[in-house]
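Given next are the chains, with one letter for each unit.
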Amino acid sequence: MRHRAVLSVVFAAFAGSIACGGEWTSLFNGKNLDGWSVHSGFADYRVEDAMIVGRAVEGSPNTFLCTAETYGDFVLEFDVLVDPNLNSGVQFRSLIAEEDGTYTVDRDGKQVERKRPKDRVYGYQVEISNEAQKNSGNVYDEARRAKFLDDFTDRPDAETAFKDNQWNRYLVICKGNSIRTWINGVPCADFEDDVTAKGTIGLQVHGIPKDKFQPYEVRWRNLRLLKLD
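Basis of the calculations
- Residues numbered from 1 in each chain as written.
- Predicted model: local features only at pLDDT ≥ 70, side-chain atom pairs only at ≥ 80, totals over all residues.
- Heavy atoms only, no water.
- 1 Å grid on protein atoms, 1.4 Å probe; cavity = no way out; pocket = protein on both sides within 12 Å on 5 of 7 lines; lining within 4 Å.
- Points joined across faces, edges and corners; volume = space filled by probe spheres on them.
- Nonpolar A, V, L, I, M, F, W, Y, C, P; charged D, E, K, R; others polar.
- Core = buried A, V, L, I, M, F, W, Y, C linked by side-chain atoms within 4.5 Å.
- Buried < 20%, exposed > 50% of the residue type's maximum accessible area, 1.4 Å probe, protein only.
- Helix = DSSP H or I, 4+ residues; strand = E, 2+ residues; numbered from the N terminus.
- Contact = heavy atoms within 4.5 Å.
- Phe/Tyr/Trp six-rings, centres within 6.5 Å; stacked < 30°, edge-to-face > 60°.
- Lys NZ or Arg CZ within 6 Å of the ring centre and 35° of its normal.
- Salt bridge = Lys/Arg side-chain N within 4 Å of Asp/Glu carboxyl O.
- Pairing = 2+ DSSP bridges.
- Axes fitted to C-alpha atoms, helices over the stretch in contact; angles between N-to-C directions.

Within this structure, the stated rule accounts for one cavity of 30 Å³ or more. Each pocket or cavity is described by its volume, and for the largest cavity that value is around 30 Å³. As for the largest cavity, its lining consists of A43, A56, V57, S60, P61, T63, V205, H206, G207 and I208. A breakdown of the residues in the lining of the largest cavity according to their chemical character gives six nonpolar, four polar and no charged.

Following this line, the structure appears as structure tokens:
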């Protein structure tokens with residue numbers, strides 16, 4: 001407990017030093033989903049005890065609850081509790097497709113074209129998974145390059161920062177081309193990328209195959225953001 005308390009203090013101090021006197025803004029009013037809208041799928045989102053709760057719905061593809069406002073350089077904090085069987089994530093600097101289109105990914109050295117339908121959310125996503133996957137806190141390029149943008153292979157602290165069946169605190173800092181993430185005060189992703197400079201923030205409920213479907217849930221609280229630009 002003492003170790004976690006020290007991490008929390010360091011975590012808060014670092015975020016505070018980045019803030020440079022700015023003001024934090026709550027992204028969620030704790031009462032309703034005003035200022036948010038659902039895209040890409042039809043998973044269920046509701047407000048419960050000052051939390052946003054996302055619930056998987058049978059047959060739905062990946063779904064995102066997105067902010068109406070877009071953000072460029074910022075510090076983002078949130079707490080998340082997810083069923084270990086449900087993959088999730090939080091989009092940032094992300095876009096919403098205005099029309100049907102395609103994107104190309106590299107698979108084993110081959111260029112593969114995929115469809116990106118109208119209303120599909122795409123872009124940076126900080127991963128929310130489970131302990132076994134060892135990739136929570138990494139950044140995935142959703143429906144665009146379709147790959148993780150950092151490598152945790154030789155970073156055991158990053159691989160084990162996320163804990164199952166408990167609240168995990170995330171920190172995401174975007175400043176120019178720099179993208180950095182932390183979970184529970186532990187440094188995770190740290191890389192530079194310049195594909196998207198500004199976009200929406202979206203809360204993901206991942207689609208579930210029919211043969212494995214259960215109405216799994218993910219919960220978010222304490223969603224707040226500090227603009228750096």
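Of all hydrophobic cores here, the largest spans 45 residues; its most connected members are I52, L76, F78, V90, F92, I128 and W220. When contributions to this core are tallied by element, the ones reaching two or more residues are β6 (74-82), β7 (88-96), β10 (121-128), β12 (168-175), β13 (178-183), β14 (186-192), β15 (200-205) and β16 (217-227). The biggest single contributor to this core is β6, with five residues. Look past the residues within four positions of L76 in its chain and what remains in contact with it is L27, V90, Y170, L171, V172, I201, R224 and L225.

Another aspect to go through is the layout of surface pockets. Estimates place the volume of the largest pocket at around 490 Å³. Secondary-structure elements contributing two or more residues to the lining of the largest pocket are β10 and β11 (139-142). Among the residues making up the lining of the largest pocket, the classes are represented as ten nonpolar, eleven polar and five charged.

Another aspect to go through is the packing of aromatic side chains. Under the criterion given, the structure shown has four aromatic pairs. Look at F78 and Y170: their rings are 4.9 Å apart centre to centre, the planes differ by 15 degrees, and that puts the pair in the stacked class. Placement of the pair is F78 in strand β6 and Y170 in strand β12, with a sequence separation of 92 residues. The pair formed by F78 and Y170 is uniform in burial state, with each residue classed as buried. Here the aromatic residues F74, F92 and Y124 are joined through ring pairs into a cluster of three or more. The ring of Y124 has R144 lying over it, and the distance from NZ or CZ to the ring centre is 5.2 Å.

Tracing the backbone through its elements, the reader meets R144 in the loop between β11 and α2 (156-159). The buried category is assigned to R144, whose relative accessible area is 12%. Apart from the residues lying within four places of it in its own chain, the contact partners of R144 are Y103, T104, V105, R116, Y122, G123, Y124, V195 and T196.

On to the pattern of salt bridges. Throughout the structure, instances matching the rule amount to 17 salt bridges. Between R46 and E217 there is a salt bridge, and its shortest N-O distance comes to 3.0 Å. Of this pair, R46 sits in strand β3 (residues 44-48) while E217 sits in strand β16; the two residues are 171 residues apart in sequence, bridging distant segments of the chain. The buried category is assigned to E217, whose relative accessible area is 17%. The partner of E77 in a salt bridge is R224, and the shortest N-O contact between them spans 2.9 Å. Of this pair, E77 sits in strand β6 while R224 sits in strand β16, placing them 147 residues apart in sequence. Using a relative accessible area of 5% as the deciding quantity, one classes E77 as buried. Among the charged side chains, a network of salt bridges with common partners joins R46, E48, R55, E217 and R219.

A separate point is the sheet that holds strand β5 (residues 63-67). Strand pairing in a sheet is mediated by backbone hydrogen bonds. Such pairs are either parallel or antiparallel. Strand order across the open sheet formed by six strands is β2-β5-β15-β7-β10-β11, with antiparallel pairing between neighbours. The open sheet has two free edges, formed respectively by β2 (36-39) and β11, since each of these has just one partner strand. In this sheet, adjacent strand axes meet at a mean angle of 30 degrees when their direction is disregarded. Bridge count for β2 against β5 is four bridges, and the pairing is antiparallel. Among the inter-strand pairings, V38 is bridged to a residue of β5, identified as L65.

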